[in-house]
Amino acid sequence: MSLFSTDSARPLGKGKQSPAGSLLDTELAAMFRNYKRAVAGSYRALPFEDLARGSVPPGVLQVSPKVDGELWFLVLDEQQAILCSPTGRVVSGDVPVLLEAKAALGRKQGRTVLAGELFAAKAPGQGRPRVGDLGSAMGGEAQAQVERMAYFAFDVLHGGDAEAPQRPPLYVDRLALCQRLLAGGKRLQAIKTEAATGAEQIMQRWNEWVEGGKGEGLVVRTADNLVFKLKPTIDIDAAIIGYTDSSDEPEAVGSLLLAMMRDDGQFQVIGACGNMPTEQRKSFYQQMSGKAVASNYRYANSKGALYRFVPPETVIEVKVTDIQGEDSSGDPILRMVLEHSQTGWRTIREMPGVSILHPVFSRIRSDKTVNPVDIRVAQVLERVQIDSLNKKAERLVLPASEVIRREVYAKSAKGQQAVRKLVIWRTNKDKADPNYPAFVVHWTDFSAGRKTPLEREVRLAPTLGEALKIGDEMVGENIKKGWDKVG
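Residues numbered from 1 in each chain as written. Predicted model: local features only at pLDDT ≥ 70, side-chain atom pairs only at ≥ 80, totals over all residues. Heavy atoms only, no water.

J.: Looking at this structure, how should I read helix α9 (residues 464-478)?
T.: One full turn of an α-helix is made of 3.6 residues, so residues set three or four places apart face in the same direction. Between the first and last C-alpha of α9 there are 21 Å, a value that for 15 residues agrees with the 21 Å anticipated at 1.5 Å per step. Residues of α9 that are buried: A467, I470, G471, M474 and V475. Seen along its axis, α9 keeps its buried residues to an arc of 135°; they face one direction. (Helix = DSSP H or I, 4+ residues; strand = E, 2+ residues; numbered from the N terminus. Expected span 1.5 Å × (residues − 1). Buried < 20%, exposed > 50% of the residue type's maximum accessible area, 1.4 Å probe, protein only. Arc of directions from axis to C-beta.)

J.: Would you mind going over empty space enclosed by the protein with me for this structure?
T.: Empty space left among the atoms is revealed by rolling a probe the size of a water molecule over them. Within this structure, the stated rule accounts for two cavities of 30 Å³ or more. Taken as a whole, the largest cavity spans an internal volume of roughly 50 Å³. What lines the largest cavity is simply I240, Q287, M288, K291, V310, P311, E313 and T314. Of the residues in the lining of the largest cavity, the class split is four nonpolar, two polar and two charged. (1 Å grid on protein atoms, 1.4 Å probe; cavity = no way out; pocket = protein on both sides within 12 Å on 5 of 7 lines; lining within 4 Å. Points joined across faces, edges and corners; volume = space filled by probe spheres on them. Nonpolar A, V, L, I, M, F, W, Y, C, P; charged D, E, K, R; others polar.)

J.: What is the right way to look at the sheet that holds strand β29 (residues 454-461) in this model?
T.: In any sheet, the strands associate via hydrogen bonds between backbone groups, in a parallel or an antiparallel arrangement. As summarised here, the arrangement of the five strands in space is β29-β28-β27-β26-β30, forming an open sheet in which the pairing is antiparallel. Looking at which strands have only one partner, the edges of the open sheet turn out to be β29 and β30 (484-486). Within this sheet the neighbouring strands show an average axis-to-axis angle of 20°, counted without direction. Sitting on the sheet, α9 is in contact with β26 (402-413), β27 (416-426), β28 (439-447) and β29, with an inclination near 15° to β28. (Pairing = 2+ DSSP bridges. Axes fitted to C-alpha atoms, helices over the stretch in contact; angles between N-to-C directions. Contact = heavy atoms within 4.5 Å.)

J.: How should I be thinking about the pattern of salt bridges in this particular structure?
T.: Any two side chains of opposite charge can pair if their charged atoms end up close together. Within this structure, the stated rule accounts for 29 salt bridges. The closest approach of N and O atoms between K66 and E216, which form a salt bridge, is 3.1 Å. Highlighted residues: K66 in strand β6 (residues 61-66) and E216 in the loop between α7 (198-210) and β14 (217-221), separated in sequence by 150 residues. Looking at K66, the relative accessible area reads 10%, which means it is buried. By relative accessible area, E216 is classed as buried at 4%. Measuring nitrogen to oxygen at the nearest pair gives 2.9 Å for the salt bridge that ties D472 to R405. One end of the pair, D472, is in helix α9; the other, R405, is in strand β26, with 67 residues separating them in the sequence. For D472, a relative accessible area of 44% puts it in the partly exposed group. Among the charged side chains, a salt-bridge network with shared partners connects D237, E317, R363, R365, D367 and K368. (Salt bridge = Lys/Arg side-chain N within 4 Å of Asp/Glu carboxyl O.)

J.: I keep staring at helix α8 (residues 278-288) and nothing clicks. Help me out?
T.: All of the buried residues along α8 are Q280, R281, F284, Y285 and M288. On an axial view of α8, the arc spanned by its buried residues comes to 140°, and they lie on one face. Those residues of α8 that are exposed and aimed more than 90 degrees away from the buried face are E279 and Q286. Along its buried surface, α8 packs onto β16 (234-245), β17 (253-261), β20 (315-320) and β25 (360-364). Looking one or two residues past α8, G290 carries a phi angle of roughly 90°, positive in sign.

J.: What exactly am I supposed to notice about the nonpolar core here?
T.: Soluble, globular proteins show a tendency: their nonpolar side chains are buried together. By size, the foremost hydrophobic cluster in this structure holds 29 residues, and its most contacted members are L74, L83 and Y151. Broken down by element, this core gets its largest block of residues, four residues, from strand β11 (residues 149-161). Within the second largest apolar cluster, 27 residues are counted, among which are I240, F284, I316 and V384. (Core = buried A, V, L, I, M, F, W, Y, C linked by side-chain atoms within 4.5 Å.)

J.: Which parts of the structure should I look at to understand the pairing of β14?
T.: The side chains of a regular strand alternate between both faces of the sheet. For β14, the tally of buried residues reaches five of five residues, placing the bulk of the element in the interior. Every second residue of β14 is oriented toward a common face, with G217, V219 and R221 on one face and L218 and V220 on the other, all of them buried. Both β6 and β14 contribute to a ladder of five bridges, which runs antiparallel. Paired with Q62 across the two strands is R221, which belongs to β14.

J.: Please explain the state of the cysteines as it appears in this structure.
T.: Simply put, the disulfide is a covalent bond whose two ends are the sulfur atoms of two cysteines. What the rule picks out here adds up to zero disulfides. Here C178 is not cross-linked by a disulfide; its sulfur's nearest cysteine counterpart is in C84, at 16 Å. (Disulfide = S-S within 2.5 Å.)

J.: Teacher, can you tell me more about the packing of aromatic side chains here?
T.: Here a ring pair, both rings aromatic, is described through the centre-centre distance and the interplanar angle of the planes. The tally for this structure, following the rule as stated, stands at ten aromatic pairs. An angle of 0° between the planes, with centres 4.4 Å apart, marks the rings of F32 and F73 as stacked. Separated by 41 residues along the polypeptide, F32 in helix α1 (residues 26-38) and F73 in strand β7 (residues 70-77) bring together distant segments of the chain. Of the two residues, F32 and F73, both sit in the buried class. Measuring from centroid to centroid gives 6.5 Å for F309 and W345, while their planes differ by 55°, and the two rings are tilted. Of this pair, F309 sits in strand β19 (residues 308-309) while W345 sits in strand β23 (residues 344-352), placing them 36 residues apart in sequence. Both residues of the pair, F309 and W345, belong to the buried class. Taken together, the ring pairs in this structure connect F267, Y297, Y299, Y307, F309 and W345 into an aromatic cluster. (Phe/Tyr/Trp six-rings, centres within 6.5 Å; stacked < 30°, edge-to-face > 60°.)

Written out as structure tokens, the structure reads:
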């Protein structure tokens, strides 16, 4: 079975063909998704301030530099080596980093899969690698520079070598396996890793690797397979566009909804911040209470409270531990793009955006105003690669839904009438927006004499047949003797 297809190949320029294709091997695709979700998606943030205070996990720790690239997987299969992303993109062929992998083909046993960071190397004196450089090296909109592509492996998903034929359970043994497989490589190596105990030794690695320009932070692994990312806190300027009431303090905000501005003046939600002093909560409440404006967009906090939208008048600075452009499955994080006018807020559509981790209010930026420069969404590009941030978001016009089946039943008892209704509709929106189901089955049950007069049940279905089956079951379970079909 072919591992990949090159139908999606892009030109590299001057007659070359892009090594990028798409993965066809479903077993590998599932392996990548599971690793991303279970391992890479569960990394914990360890703020630099905690390191400075001496707060680090106990025991012997494995510490390595955090390279600013993308998670990719190196597959060593039979007589070929390929690189695969969690989303199924493939790099193959005579790419220098893969030519070095030929040595590993003779050392592995069976199909072997490694996890690592794919990045674009820089010449001495040009600073550390940045995630945005990788897109340029792989082609992007400019001529590719595949000789800059490098790969540092840090884990094993499957397979092994003669010394360890199967994936070892302990991380130190998996790291040793990476080192044996990739020994002697230049562009292709096992990530540099050193043992450390306590905050002082980790701070020494920080000074050497991070302050020395070799990485954007540190990755710290414990003996029981917990993984911490240690990075400097990131400062972001954003506009307040909404707030919730505090459930613990009267006349105080609970959290603030934040947005940045795209180049065309549209706003894009980046998340919410609820970590701030009590006095600041009360001050924001006094400032924004009574200023709520109309919005056709609804956004709830973690407790289910809906945000009240307000005019974008205040810029604040928040500190975050990390910025992510993908979820735990490797899919782009979608954030709503909005426009603001005198009539309030109106949705445009969801576009690839970011999620901010552990935001903490820092200060009000009275020296900045709400404009595409001061709160530009491009602030995040030093941390993540979002290809469509510069594209204008066009309003998504969705097709109207279509009612497939509607039935109403009535029953009179003790002078009161009860009504039960089934409605099945095709949304016609699932192809345009994956957030919509294909079919919706809605059951309504009204009885005036009941403690809860109105009850509803909503079921979703992927096909018409499944929707009709659910509808038949609802009618069969709820319509007995005495109910008359009406309408």
